[in-house]
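Results of the structural survey
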Amino acid sequence: MVLKAFFPTCCASVDSGLLVGRWVPEQSSAVVLAVVHFPFIPVHVKELLAQVRQAGRVGVAVLGTWCHRQQEPEENLGHFLEGLGAIFSHKPWLQLCRERGSNLWSCKATRWQGPASSGAPSEDQVMLIFYDQRKVLLSQLHPPAALPDCQVGGATASAGGLAAVFDTVARSETLFRSDRFDEGLVQLSHWQSEGVEASILVELAKRASGPVCLLLACVLSLISAATSCRVFKLWPLSFILSKLSTWEQLRHRLEQLTFIFSTQKAENPSQLMRKANMLVSVLLDVTLGLALLSWLHRKDCIGQLADTLVPVADRVAEELQHLLQWLMGAPAGLKMNRALDQVLGRFFLYHIHLWISYIHLMSPFVERILWHVGLSACLGLTVALSILSDIITLLTFHIYCFYVYGARLYCLKICGLSSLWRLFRGKKWNVLRQRVDSCSYDLDQLFIGTLLFTILVFLLPTTALYYLVFTLLRLLVVTVQGLIHLLMDLINSLPLYALCLRLCRPYRLAAGVKFRILEHKAGEPLRLLMQINPLPYNRVVHTYRLPSCGCHPKHSWGSLCRKLFFGELIYPWRQRGDKQD
């Protein structure tokens, strides 16, 4: 039987002593965590191990002995270490030894027989695997990606063995708090033997984070209670707020801050990573917003934008008037229904006239409005982008009205033509059973149906042309707003902290391990070096991607084309919870 002994590289040159770690019987593996040096009292060692077991809930024990003959010239040291197996009984009992003046290692795993048994104890072969204890402690092992069916079983078993090694080191932090330089009763060697890593600034931040988080959590709870009052749930106000991107972004930011400054400790590393990603995302968002605010006020861009906005709106309205006058004539040489063409053209021209009057009425207040909008950038770049999206919505509201009018009229004619087409075929739509059934019609019904079908067919090209033009304009506006929302979702959902960890310290996000052969000679144990494989960037983004505040439904291309063909309204006035046809 071959046993695997995971040995920390930091203990390869320490003095002789006892091997402390965990035995994993399912994988026939021994994970060495530290070396206990002489002198020691066995009772004190057992008390220390009991404290580690209680704190980390991990079954640590004395696994065997470590003999470094390069520093211990006594010839009888090996016999003394072998005798410790009677005090710290463990099956199997490991005996690792590094030869004096060379790089040769000897490894034995002895299984002592019971007192009733006769004969010498049995020995197992040992495979020595070195690992970097600090990297394994700080890393987080992720489950493997989906593999073909023929490889699933082996990958699961391998991942389980690696998870046991990583979990053992992660739960043994209590053991790493003392080392050989302390004045304690037990002297240890492990990855912090050269001094415990610490920082005064980090410790001060930890001390101050508790009261600060408690204060901010109280403030955020008051804001959350104020936003959830019944006033905001009344019909006109709730309907308007649900259509504003700014309200959705502010609510999403409130949820982020509430989660970040929560006084509850993170239950697992994934939740801690999520908090860190949210904190970095909010800090980057606010930094970009402050940079935008500084740029706007330093170069007086707000005044220039206010002076440009009203002429641009007039120019857009003028171009729409020219477009409607072109449609009221003979667009592209098409023969239109003149009466319906004139009615629709004058109707839309009147709306443009109302819109121009509204723009000139608001022109004295545009600069002040833009100034206050620029101040909102201190809340983050995403808040400024959401306000920009809402401003675009308000400035193009007349285009949306034209689109809705054209879409409703076109949809009405399409539905009328489909119903009359079923009438010609002797069919009708059964509303109760939601299916098409056969039906018999008399002569008067067929005559009226033929007359209405003829009228709708000849009026359809005029309606379809207006619907096509205003749908293209609406899609142009939606594309601009979609790009803005895409940038907002990118800032809100991109796991920046995880990506920085992957770039600077790739071992922190482990996808698995690889083994490199250090030495393999006949008659000597096989020595391997375990190295951490970092998680690929695409899996980092997929695993730690944050939820975004997107409230608009994501149509597929087929669904979008079907809605456009039948004249159904699209983005953004349908929410996720609404029933889709």
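Just so it is clear, the structure is predicted and the values come from calculations on it, not from any experiment. (Residues numbered from 1 in each chain as written. Predicted model: local features only at pLDDT ≥ 70, side-chain atom pairs only at ≥ 80, totals over all residues. Heavy atoms only, no water.)

A short note on the packing of helix α12 (residues 381–395) against helix α14 (residues 443–493)
Close contact between α12 and α14 brings their axes to 10 Å; oriented N to C, the two are set at 165°. Between α12 and α14, the crossing angle belongs to the class labelled roughly antiparallel. Like other packed secondary-structure pairs, α12 and α14 cross with a definite hand, here left-handed. Judged by residue contacts, Leu381, Thr382, Leu385, Ser386, Leu388, Ser389, Ile392 and Thr393 of α12 engage Val477, Val480, Gln481, Ile484, His485, Leu487, Met488, Ile491 and Asn492 from α14. A class-by-class count of the residues in the contact of α12 with α14 yields 10 nonpolar, seven polar and no charged. (Axes fitted to C-alpha atoms, helices over the stretch in contact; angles between N-to-C directions. Helix = DSSP H or I, 4+ residues; strand = E, 2+ residues; numbered from the N terminus. Parallel < 35°, antiparallel > 145°, perpendicular 65-115°, else oblique. Left-handed = near helix turned anticlockwise from the far one by under 90°. Contact = heavy atoms within 4.5 Å. Nonpolar A, V, L, I, M, F, W, Y, C, P; charged D, E, K, R; others polar.)

Brief notes about the packing of aromatic side chains
Counted under the stated rule, the structure contains 16 aromatic pairs. When the centroid spacing of 4.8 Å and the interplanar angle of 70° are considered together, the rings of Phe348 and Phe470 count as edge-to-face. Highlighted residues: Phe348 in helix α10 (residues 338–362) and Phe470 in helix α14, separated in sequence by 122 residues. Here Phe348 matches Phe470 in class, with each residue buried. Three or more aromatic residues link up through ring pairs in this structure, and these residues are Phe347, Phe348, Phe402, Tyr405, Tyr466 and Phe470. The lysine or arginine in question, Lys275, covers the ring of Phe259, its NZ or CZ lying 5.8 Å from the ring centre. Geometry around Tyr537 places Arg502 over its ring, the cationic atom sitting 4.4 Å from the centre. (Phe/Tyr/Trp six-rings, centres within 6.5 Å; stacked < 30°, edge-to-face > 60°. Buried < 20%, exposed > 50% of the residue type's maximum accessible area, 1.4 Å probe, protein only. Lys NZ or Arg CZ within 6 Å of the ring centre and 35° of its normal.)

Observations regarding the pairing of strand β4 (residues 60–68)
Counting buried positions over the nine residues of β4 gives eight, a clear majority of the element. Here six bridges tie strand β2 (residues 17–24) to β4, and the two strands are oriented antiparallel to one another. Note on β4: the bridge partner recorded for Arg22 is Val60. Here β4 runs beside strand β5 (residues 93–98); their pairing, made up of five bridges, is parallel. Bridge pairing in β5 places Cys67 opposite Cys97. (Pairing = 2+ DSSP bridges.)

Some points on the nonpolar core
The tendency in soluble globular proteins is for nonpolar side chains to be buried side by side. If you look at the biggest cluster of nonpolar residues, it comprises 38 residues, and the most contacted ones within it are Val31, Val36, Val45, Tyr131, Val169, Leu175 and Met530. Here this core takes five residues from helix α4 (residues 149–170), the largest share from any one element. For Val169, the residues in contact, after removing those within four places along its chain, are Val31, Leu33, Tyr131, Gln133, Val136, Leu137 and Phe176. Of all hydrophobic cores here, the second largest spans 23 residues; its members include Leu385, Val469, Val477 and Met488. (Core = buried A, V, L, I, M, F, W, Y, C linked by side-chain atoms within 4.5 Å.)

Considerations on the pattern of salt bridges
With the rule as written, the count across this model stands at seven salt bridges. One salt bridge connects Glu568 with Lys563, and the closest N-O pair in it is separated by 3.3 Å. Per residue, the accessibility class of Glu568 equals that of Lys563, and both read buried. One network of salt bridges, in which partners are shared, links Arg562, Lys563 and Glu568. (Salt bridge = Lys/Arg side-chain N within 4 Å of Asp/Glu carboxyl O.)

Observations regarding the confidence of the model for the protein chain
Across the protein chain, the average pLDDT comes to 80, with 85% of residues at 70 or higher. Ranking the helices and strands of the protein chain by mean pLDDT puts helix α15 (residues 496–504) first, with 92, and helix α2 (residues 77–83) last, with 56. Within the model, the stretch residues 146–157 combines pLDDT values under 50 with three contacts to residues more than four positions away or in other chains. Note that residues 573–581 has pLDDT below 50 and, in this model, 23 contacts with residues that lie over four places away or in other chains. (pLDDT = per-residue confidence, 0-100.)

Some words on the pairing of strand β3 (residues 29–37)
Across the nine residues of β3, nine count as buried, placing the element largely inside the fold. Two elements, strand β1 (residues 2–8) and β3, share three bridges in a ladder whose sense is parallel. Looking at the pairing, Phe6 lines up with Val31 of β3. Where β2 lies against β3, eight bridges are found, and the strand directions are antiparallel. Looking at the pairing, Gly17 lines up with His37 of β3. The turn linking β2 back onto β3 is made up of four residues, and Ser28 within it adopts a positive phi angle of 50°. As defined by bridge partners, β3 adjoins strand β9 (residues 188–189) across two bridges and the pair is classed as antiparallel. Bridging across to β9, Val36 finds its partner in Leu188.

So, unusual backbone geometry
Trans is the common state for peptide bonds, and a negative phi is the common state for residues other than glycine. Despite not being glycine, Ser28 shows a phi value in the positive range, around 50°. One can find Ser28 in the loop between β2 and β3. Given a relative accessible area of 13%, Ser28 falls into the buried group. The residue Arg57 is not glycine, and still its phi comes out positive at about 55°. Mapped onto the secondary structure, Arg57 falls in the loop between α1 (42–56) and β4.

Some thoughts on the layout of surface pockets
When its volume is computed, the second largest pocket comes out at roughly 800 Å³. Residue lining of the second largest pocket: 31 residues in total, with Leu309, Leu388, Ile391, Ile392 and Leu395 positioned closest to the centre. Those elements that place two or more of their residues in the lining of the second largest pocket are α8 (269–298), α9 (301–327), α11 (366–375), α12, α13 (397–424) and α14. Among the residues forming the lining of the second largest pocket, the class breakdown is 28 nonpolar, three polar and no charged. (1 Å grid on protein atoms, 1.4 Å probe; cavity = no way out; pocket = protein on both sides within 12 Å on 5 of 7 lines; lining within 4 Å. Points joined across faces, edges and corners; volume = space filled by probe spheres on them.)

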